[in-house]
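# Residue-level structure breakdown
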Amino acid sequence: MTSTVQGYANDSATAPLKPYRFERRDPLPHDVQLDILYCGVCHSDLHTAKNEWKNTVYPFVPGHEIVGRVTKVGSAVKAFKAGDLVAVGCMVDSCRECPSCKEHLEQYCDQMPTFTYNSSDKHSGKMTYGGYSTHIVVDENYVLRVPKEYKEEDLPGVAPLLCAGITMYSPLRHWKIGKGSKVGVVGLGGLGHMAIKIAHALGAHVVLFTTSPGKTADAKKLGAKDVVISKNPEEMKKHLKSFDFIIDTVSADHNLDNYTELLKRDGVLCLIGVPEHQHPSPNIGNLIFGRRSIAGSIIGGIKETQEMLDFCAKHKLKAEIEMIPIQKINEAYERMLKSDVKYRFVIDIASLRK
Ligand SMILES: [Zn+2]
Ligand SMILES: [Zn+2]
């Protein structure tokens, strides 16, 4: 049995998103069905809609920063009930048997996790459709709980935590950032602004690297102690060999040496963005002299995503957002390409029910 969903999709790399109706399965014994309230707009939505990663299957329904309310649960579900506020992030399933899945690191599943959109659906055999839609059905093991501390009016700002938030939280935790750590954040966008907030809440001394002097005041409001204009070599030099950790959210190709030389001995430069053209090969001397590392990281596991939501609730953290009706989504994509958003668009899914 299935139910009809109203969503938004596009049907080619150059086509805009428009209304699209499709079917979702009725809850199986371990499924949770939720009405979607808000869905964040991630850069991955845009990259996939435009087939920039050359793997998009159309029609394509984006959205993996989902907050909603449970409407129905399967017969075996104990942890959730109708009325609960829940969230769904970038994954809706994984193999559950490989070493990564067994260690709660489903994002590194050997078989690749089933992503919330544009992934092969184990149940239907078709592609998964994301959160630009009225409701979704997800296995209970991949559903998160929205902490009670969040009020109704906080929920739009909670949605981006499901991708932007966890993408920053997981590496900061993995590299044990806390009091006494000096952390650099490269780029102030949807990801960077969450990195500043979370690293600050973890007790770190946070420095933003940006190319735009206009962002200084905002970065400080978000929790940065210092702002460095990265195209000014003099300013950069002041921070030589001083960072424990630098998280680089910029996806355009750039010279990584400017950052590796700012790391202390054993410091780590962690890359989050996937550049369309490779970064220039880094200077190996910078790595050897100082035992420094260049690393990468992607989202976080389900258990850690819950931990991140609980941490953010405790520290009263949420994303800075601009809410839009779904009818403005194509315009929002245009504005994202110009970095004209502070710092995340969130779709009010009520606009889809009208
Ligand atoms: Zn995302
Ligand atoms: Zn696995």
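Presented here is a report on the structure given in the accompanying data block. These numbers come from a predicted model, not from an experiment. (Residues numbered from 1 in each chain as written. Chains lettered and ligands numbered in written order. Predicted model: local features only at pLDDT ≥ 70, side-chain atom pairs only at ≥ 80, totals over all residues. Heavy atoms only, no water.)

The next point concerns helix H10 (residues 302-314). Taking 1.5 Å of rise per residue, the 13 residues of H10 would be expected to cover 18 Å, and the 18 Å separating its terminal C-alpha atoms lies within 8% of that figure. Restricting attention to buried positions, one finds in H10 the residues Ile-302, Glu-304, Thr-305, Gln-306, Met-308, Leu-309, Phe-311, Cys-312 and Ala-313. As for H10, its buried residues are in contact with strand S6 (91-93), strand S9 (144-145), helix H3 (155-158), helix H4 (164-174) and helix H5 (190-201). (Helix = DSSP H or I, 4+ residues; strand = E, 2+ residues; numbered from the N terminus. Expected span 1.5 Å × (residues − 1). Buried < 20%, exposed > 50% of the residue type's maximum accessible area, 1.4 Å probe, protein only. Contact = heavy atoms within 4.5 Å.)

Let us look at helix H11 (residues 329-337). In an α-helix, one turn spans 3.6 residues, which is why side chains three or four residues apart end up on the same side. All of the buried residues in H11 are Ile-329, Ala-332, Tyr-333 and Met-336. Angularly, the buried residues of H11 cover 105° about the axis, an arc narrow enough to put them on a single face. Against strand S1 (2-9), strand S3 (31-41), helix H1 (43-49), strand S16 (321-325) and strand S17 (344-348) lie the buried residues of H11. Following H11 by one or two positions, Ser-339 has its phi on the positive side, about 55°. (Arc of directions from axis to C-beta.)

This part covers the pattern of salt bridges. Throughout the structure, instances matching the rule amount to 19 salt bridges. The residue Glu-152 makes a salt bridge to Arg-69 at a minimum N-O spacing of 2.8 Å. With Glu-152 in the loop between S9 and H3 and Arg-69 in strand S4 (residues 66-73), this pair connects stretches of sequence that are 83 residues apart. Taking the relative accessible area as the measure of exposure, Glu-152 reaches 47% and is therefore partly exposed. The partly exposed category is assigned to Arg-69, whose relative accessible area is 29%. Salt-bridge contacts for Asp-139 lead to Arg-96; the nearest nitrogen and oxygen are separated by 3.1 Å. (Salt bridge = Lys/Arg side-chain N within 4 Å of Asp/Glu carboxyl O.)

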